[in-house]
Amino acid sequence: MPASHGGAPVESRLQAKSLFATGAGSELSGMDAYRSARPRADAGDAQAAYLVGLTATLDTSLGISYVRAGQLLLGAARDGDFRAQYWVGSQLRASAACHGEANGAVWLRHAADGGSAAAQLLLATDLLNGDPSAAQATQARELLERAASSDSFYVRKHVVALLAASALDPLRDAGTALAVAVKLAAGEIQSDPQMFEVVGAAYAANGDFRAASAQQRIAVRKAASLGWNTRLMTQRLAAYRDGRPWRGDLLTLPPAGSGARR
């Protein structure tokens, strides 16, 4: 059963680590990229420190302790590597429930300023929590428009969802949403129903309801094959067929159960 508080479900995110083998009997420590990066990391090269430190948190074959890996990553963050800054910020954020004073916000802002699209998206969603003001929505939109240049599937999907379908008028940016949606649709990942949903929402935001309906039909079909509850998805499809955009949180699904459409 999912966790709940006051009868409402509580969202949680778990970080999973997976090590990919490089071949039978081979280890990352033997790869030229890591052999050359190790001395540069020890000498203070921020990019090398990020590469070695992050890898060492996953693979013990480098012979670097987890503590030393964290030191390398923290050093890279202090030296301005935005990827390391995002790592530090996200790690602190994950522990905020236990240590509220260490929420990682400062590191995430540094990462966002340095060009981390993941940090820009995270800060934007933080601004939108609760009842954001028009100024906060505008600031969030600016962050999302910067994140729109990312090549990350996750970032692109969430950027399109927010810019295309947010209920907040100052947040929406139909043109940017569609430009990113076109890149999403052309990508290798074609199994995610929500990807087709956000693409459909981008077309709807730009007044192309025929294309929006076509994308939404694909989303519903793929979701049904996965056993998802498609009630909200079919409501969005009905809106597009009526020539109306849909406003709200595209990436929230009702719980699976007897109400699911198969």
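### What about the packing of aromatic side chains?
Moving on, step 1. Tallied over the full model, the rule gives zero aromatic pairs.
Moving on, step 2. The ring of tryptophan 246 carries the charged tip of arginine 236 above its face, separated from the ring centre by 4.4 Å.

### Some thoughts on the packing of helix α8 (residues 153-165) against helix α10 (residues 193-205)
Moving on, step 1. Where α8 meets α10, the closest approach of the two axes is 9 Å, and the angle between their N-to-C directions is 35°. In terms of crossing hand, the pair formed by α8 and α10 is left-handed. Listed contacts from α10 to Phe153, Lys157, Val160, Ala161, Ala164 and Ala165 of α8 are Gln194, Met195, Val198, Ala201, Ala202 and Ala205.
Moving on, step 2. Among the residues making up the contact of α8 with α10, the classes are represented as 10 nonpolar, one polar and one charged.

### Let's talk about helix α9 (residues 174-185)
Moving on, step 1. With 12 residues, α9 extends 16 Å from end C-alpha to end C-alpha; this agrees with the ideal 16 Å at 1.5 Å per step.
Moving on, step 2. Among the residues making up α9, those that are buried are Ala177, Leu178, Val180, Ala181 and Leu184.
Moving on, step 3. Close packing links the buried residues of α9 with α8 and α10.

### Let's talk about the environment of methionine 195
Moving on, step 1. Tracing the backbone shows methionine 195 in helix α10.
Moving on, step 2. In this structure, the C-alpha to C-alpha distance between methionine 195 and isoleucine 218, residues 23 residues apart in sequence, is 9.9 Å.
Moving on, step 3. Sequence-distant contacts of methionine 195, defined by excluding residues within four places in its chain, comprise Phe153, Lys157, Leu184, Ala185, Ile189 and Gln190.

### Comments concerning the packing of helix α6 (residues 117-127) against helix α7 (residues 134-147)
Moving on, step 1. Closest axis-to-axis distance for the α6/α7 pair is 8 Å, and the angle between their directions is 160°. With respect to their mutual orientation, α6 and α7 come out roughly antiparallel. Between α6 and α7 lies a crossing whose hand is left-handed. Residues Ala117, Gln120, Leu121, Leu123, Ala124 and Leu127 of α6 form the contact with α7, whose participating residues are Gln136, Gln139, Ala140, Leu143, Leu144, Arg146 and Ala147.

Rules used in this analysis
Residues numbered from 1 in each chain as written. Predicted model: local features only at pLDDT ≥ 70, side-chain atom pairs only at ≥ 80, totals over all residues. Heavy atoms only, no water. Phe/Tyr/Trp six-rings, centres within 6.5 Å; stacked < 30°, edge-to-face > 60°. Lys NZ or Arg CZ within 6 Å of the ring centre and 35° of its normal. Axes fitted to C-alpha atoms, helices over the stretch in contact; angles between N-to-C directions. Helix = DSSP H or I, 4+ residues; strand = E, 2+ residues; numbered from the N terminus. Left-handed = near helix turned anticlockwise from the far one by under 90°. Contact = heavy atoms within 4.5 Å. Nonpolar A, V, L, I, M, F, W, Y, C, P; charged D, E, K, R; others polar. Expected span 1.5 Å × (residues − 1). Buried < 20%, exposed > 50% of the residue type's maximum accessible area, 1.4 Å probe, protein only. Parallel < 35°, antiparallel > 145°, perpendicular 65-115°, else oblique.

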